[in-house]
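Coordinate analysis (summary)
Chain residues, written in single-letter form:
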Amino acid sequence: MAATIQALVPRMRDICGAGNVITDPLDLRTYECDGLTSHRCVPALVVLPGSAAEVAAVVAECARAGVPFVARGSGTGLSGGALPHESGVLIVMSRMRAIVEIDPVSRRAVVEPGVTNLAVSKAAAPFGLFYAPDPSSQVVCSVGGNVAENSGGAHCLKNGFTVHHVTGLEIVTPSGELTWLGDGTGVTTGYDLLGAFTGSEGTLGIVTKIVVKLMPVPEVVHLLLVAYSSTAEGGRAVSDIIAAGILPAAIEMMDALSIEAAEEAVHCNYPAGAGAVLLVELDGPAAEVEAELSTVRALCEAAGATEIQAADDPAERAGIWAGRKSAFAAVGRISPAYIVQDGVVPRTSLGAVLARIATLSAEAGIRVANVFHAGDGNLHPLVLYDDKVPGQAEAAEKVSGAILDTCLEHGGSITGEHGVGVDKSRYMPRMFGADDLDTMQLVRCAFDPAGLCNPGKIFPTPRLCGEVPGHRRAPHPAVVAGQAEIFLYGHRTVVASRRPPGSCRCLPVAHRRHRRRRGLRGDPLVRRRAVFDRRGVGVAAGGGGGRARGGAARRRDRARLGRPAVTLRPDRGPALDGPGGGARGRRPGGAGAGRRDDRAAGRGVRLGRPATGARRPGRGDRGRGGRHRNRRAAAVPLRCPA
């Protein structure tokens, strides 16, 4: 792989410019991790494209060479989603930071992925508009990264997540094609590819332009800072506010430990001695906000509030929000190391989950600071430890995992907005079954059959797409039903029957064991259906010349990865099936007849015994075992889509 990367360097310099291609080992270490520093990997090559065309050209070169690639924005992610591949190319989008257009009439903006979140609202402010999603890192995090993780922020309770504000995406597919998802109107017909792409953590392609909705600046904004002696009381206030039919723009909570850290960092002047503080922000028409404000005050007092501060001046509100938005970084003031966690629970379970976190903290002797979006139950526990003390890192990791288990036990999720990345992939089987994970993989394979786009993220045991097999011992039900296909080392495959025989390629050893246990011996479980050469021209399965084994086969196949697949025809199977549903390229006159005519006409692969009078297959036609020695499929080119 090192030789392949070196061969790519001159081409990358031609595409992006010599100054935007990084090869120096020391400079490469700059990009070895994102905001989650516990996972590190130095990329083999870093490129910084400056336009969508350059991104497409870079991806096309990687696909052609079979080199994995990862997109990176500002590097503020907290799940290892932008962790580089040690043998791959890191595509850094930070140069693409133009705000292409602000359209105040249609209330939308077109931006490049490197634009920071807060910059969009600043650009829209002169028109009385703003961009609603606001992660705590909005000063530095990129909109492209927000799309990858479907980020939310403090105000997502009322305004929604990134997916609710993106109406169009220009993307580069894993094969290097530049295309659009969505038309910018927000109206979806057919499959919601825009929704599927948003939050896919960079595994389905790379964003190069984003069309976002802008919202009018509210007429009135009021912020309440409410102090409580415990998080349990604050949690009860949250439930009471929502139960009263009031939907604040934001409801945030911090416990005593996170308050201590914020005071040391930004001197936010939160009430002294508070066990928890609640930030409740109301916005909208003046009359509506005034009515809601009095109700919220009464509910907070009834829940046991010890102090209530109000702020309607922008400067005062910014001072109060500074404490909450600086919480993650501020924890560094009171602990040399910490793990940022991101779980979700129903609002009604907040009290029970927080009590369980306190118990886990006491039992392990590991401090946990709690900061969370109380309105939608998105917890951000910060597990504090000293990495210089032997055993503390392992104990902190154990507490962190136990917190996620607690979230799942109460009907929650392992992530709300930080994503899965590499950090939480091992927890995915605790939330999803094997069939669920395989179905997700099938969606990923539809976009990236070669498995080159941000590999190793989200899924704990990659399957399908020719990746390392996991614990599945039988074909996926969707494959058996003919509703989906598997791609193996660039080959389209399908479940095969015992007859007709032909040149075959079995799936990895787990599947062969499954066949033996079923008493089916050495018969092929999966038949290789089609490959494409560098020109996109079809090559029939089993065509002479033999097949190298092991790594040599994979290296040879990489040249074909990422090429166009054969078009699927509704209710009739793939186009390579030949003339008519269920037919396998057969013509009148029996199996094998008209072979040369089929080749000339570009009809489908012909499966069956050789035609009468055809040459005897030689060594190059043999399958994996001697029993396949004289069985082959006719070497007829496949039809390629127009």
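Residue indices begin from 1 for each chain and proceed along its sequence in written order. Reporting of local features is limited, given that this is a predicted model, to residues whose pLDDT is at least 70; pairs of side-chain atoms are given and counted only at 80 or more, and all residues count toward the totals for whole chains, interfaces and linings. Neither water nor hydrogens contribute to the side-chain values; these are computed over all heavy atoms in the structure.

1. A few points about the overall build of the chain
The condition is simple: Note on conventions: DSSP H or I runs of at least 4 residues are helices, E runs of at least 2 residues are strands, and numbering of each starts at the N terminus. Think of it in three bands: with a 1.4 Å probe and only protein chains considered, a residue is buried below 20% of the maximum accessible area for its type, exposed above 50%, and partly exposed in between. The contact criterion used throughout is that any non-hydrogen atoms of two residues lie within 4.5 Å. Calculation of accessible area relied on Shrake-Rupley with a 1.4 Å probe; when residues are assessed, cover is drawn exclusively from the protein chains displayed.
Looking only at helices and strands, the chain has 20 helices and 25 strands in total. In the chain, which comprises 642 residues, the proportion classed as buried is 52%. In the chain, 68% of the contacts between residues at least 6 apart in sequence involve partners at least 24 apart. Entry remark: accessible area of the chain is about 27,000 Å², with carbon and sulfur atoms responsible for 53%.

2. With respect to the packing of helix 13 (residues 350–364) against helix 14 (residues 392–409)
We count it as follows: Between the N-to-C directions of two axes lies an angle of 0 to 180 degrees, each axis being a line fitted to C-alpha atoms and, for a helix, fitted only over the stretch in contact. Each angle is binned into one of four classes, with values under 35 degrees roughly parallel, values over 145 roughly antiparallel, values of 65 to 115 roughly perpendicular, and all other values oblique. If you view the pair so one helix is near and one far, a crossing is left-handed when the near helix is turned anticlockwise from the far one by less than a right angle, and right-handed when it is turned clockwise. In this classification, the charged set is Asp, Glu, Lys and Arg, the nonpolar set is Ala, Val, Leu, Ile, Met, Phe, Trp, Tyr, Cys and Pro, and all remaining amino acids, among them Gly, are polar.
Running from amino to carboxyl end, helix 13 crosses helix 14 at an angle of 160 degrees, the nearest separation of the two axes being 10 Å. Taken together, helix 13 and helix 14 sit at an angle that is classed as roughly antiparallel. Where helix 13 crosses over helix 14, the two elements pack in a sense that is right-handed. Contacts between helix 13 and helix 14 involve V353, R356, I357, L360 and A364 from the first element and V399, A402, I403 and T406 from the second. For the contact of helix 13 with helix 14, the class distribution of residues is seven nonpolar, one polar and one charged.

3. Quick notes on the sheet that holds strand 2 (residues 45–47)
Put simply, the test is: In this analysis, strands are considered paired if DSSP registers two or more bridges between them.
Reading across from one edge, 1-2-4-3 is the order of the four strands in this open sheet, with mixed pairing throughout. The open sheet has two edge strands, strand 1 (21–22) and strand 3 (69–72), and neither has a second partner. Examined bridge by bridge, strand 1 and strand 2 share two bridges and lie antiparallel to one another. Bridge pairing in strand 2 places V21 opposite V47. Along the sheet face, helix 3 (residues 52–65) touches strand 2, strand 3 and strand 4 (89–92) and points at about 170 degrees away from the line of strand 4.

4. Let's talk about the packing of aromatic side chains
Defined as follows: The pairing test for Phe, Tyr and Trp rings, Trp by its six-membered ring, is centres within 6.5 Å, and the orientation test on the planes gives stacked under 30 degrees, edge-to-face over 60, and tilted for anything in between. Charge-over-ring placement is defined geometrically: NZ (Lys) or CZ (Arg) within 6 Å of the ring centre, and within 35 degrees of the ring normal.
Overall, the coordinates contain zero aromatic pairs when judged by the stated rule. Its guanidinium or amino end placed over the ring of W321, K325 lies 6.0 Å from that ring's centre, counting from NZ or CZ.

5. Some points on the packing of helix 8 (residues 231–243) against helix 10 (residues 286–302)
Think of two packed helices as two axes; the pair is described by the angle between the axes and how far apart they sit. Contact geometry of helix 8 with helix 10 gives a least axis separation of 9 Å together with a crossing angle of 145 degrees. When you trace helix 8 past helix 10, the crossing you get is right-handed. Residues R236, D240 and I241 of helix 8 pack against V296, L299, C300 and A302 of helix 10.

6. Some thoughts on the sheet that holds strand 8 (residues 166–172)
Here we have five strands laid out as an open sheet, ordered 5-6-10-8-9, and antiparallel in their pairing. Either end of the sheet is taken by a strand with one partner, and the two such strands are strand 5 (99–103) and strand 9 (178–181). Across the sheet, the mean angle from the axis of one strand to that of its neighbour is 15 degrees, orientation sign disregarded. As paired strands, strand 5 and strand 6 (residues 108–111) are joined by four bridges and run antiparallel to one another.

7. Digging into the side chain of S121
By the secondary structure assignment, S121 is in helix 4 (residues 117–124). When its relative accessible area of 14% is taken as the criterion, S121 is described as buried. The contacts of S121, once residues within four sequence positions are left out, are L129, F130 and Y131.

8. Quick look at the environment of L282
Position of L282 among the secondary structure elements: in strand 14 (residues 276–284). For the pair L282 and L223, spaced 59 residues apart in sequence, the C-alpha to C-alpha distance is 6.4 Å.

9. Overview of the nonpolar core
Within soluble globular proteins, side chains that are nonpolar generally end up buried alongside one another. Here is the rule we go by: Each nonpolar core is a collection of buried residues, namely Ala, Val, Leu, Ile, Met, Phe, Trp, Tyr and Cys, held together in the definition by side-chain atoms within 4.5 Å.
Ranked by size, the top nonpolar core spans 40 residues in total, and within it I251, L278, V296, L379 and V383 carry the most contacts. Beyond its immediate chain neighbours, meaning those up to four positions away, I251 contacts L157, V238, I241, I242, L278, L279, V280, F372, H373, A374 and G375. Residues A154, L225, Y270 and A369 belong to the second largest nonpolar core, which totals 29 residues.

10. Focus on the side chain of E292
Stated formally: Charge assignment in this entry is limited to Lys and Arg as positive and Asp and Glu as negative, and neither His nor the chain termini are counted. Just to be clear on terms, a salt bridge is a Lys or Arg side-chain nitrogen sitting within 4 Å of an Asp or Glu carboxyl oxygen.
For E292, the position within the fold is in helix 10. The buried charged residue E292 lacks any salt bridge partner; its closest oppositely charged side chain belongs to K158, at an N-O distance of 6.1 Å. When neighbours within four sequence positions are excluded, E292 is seen to be in contact with I246 and L282.

11. Things to note about the pairing of strand 6
Taking the residues between adjacent antiparallel strands as the criterion, strand 5 and strand 6 are bridged by four residues, where R107 takes a positive phi near 55 degrees. Across four bridges, strand 6 lies against strand 10 (residues 206–213) in antiparallel orientation. Counted as the bridge partner of V111 is I210 from strand 10.

12. A closer look at the pairing of strand 4
Burial along strand 4 is two-sided: the face carrying V89 and I91 and the face carrying L90 and V92 are both buried. Note that strand 3 and strand 4 share four bridges and pair parallel. Pairing of R72 across the sheet is with V92, part of strand 4.

13. Here's the deal with the environment of R444
Put simply, the test is: The term polar contact refers here to a pair of N or O atoms within 3.5 Å; inside protein, the definition further demands a hydrogen-donor-capable atom paired with an acceptor-capable atom, and it admits residues adjacent in sequence only when both atoms are side-chain atoms.
Looking at the secondary structure, you find R444 in helix 16 (residues 434–447). Here R444 falls in the buried class, since its relative accessible area comes to 5%. In this structure, the C-alpha to C-alpha distance between R444 and S200, residues 244 residues apart in sequence, is 8.9 Å. Sequence-distant contacts of R444, that is, excluding residues within four places in its chain, are made with T203, L204, C453, N454, P455, G456, K457 and F459. Within the local environment of R444, its side chain forms a polar contact with the backbone oxygen of K457, the two atoms lying 3.2 Å apart.

14. Description of the pattern of salt bridges
This structure, assessed with the given rule, holds 11 salt bridges. A salt bridge links E61 to R11; its shortest N-O distance comes to 3.1 Å. Separated by 50 residues along the polypeptide, E61 in helix 3 and R11 in helix 1 (residues 2–16) bring together distant segments of the chain. For E61, a relative accessible area of 15% translates into the label buried.

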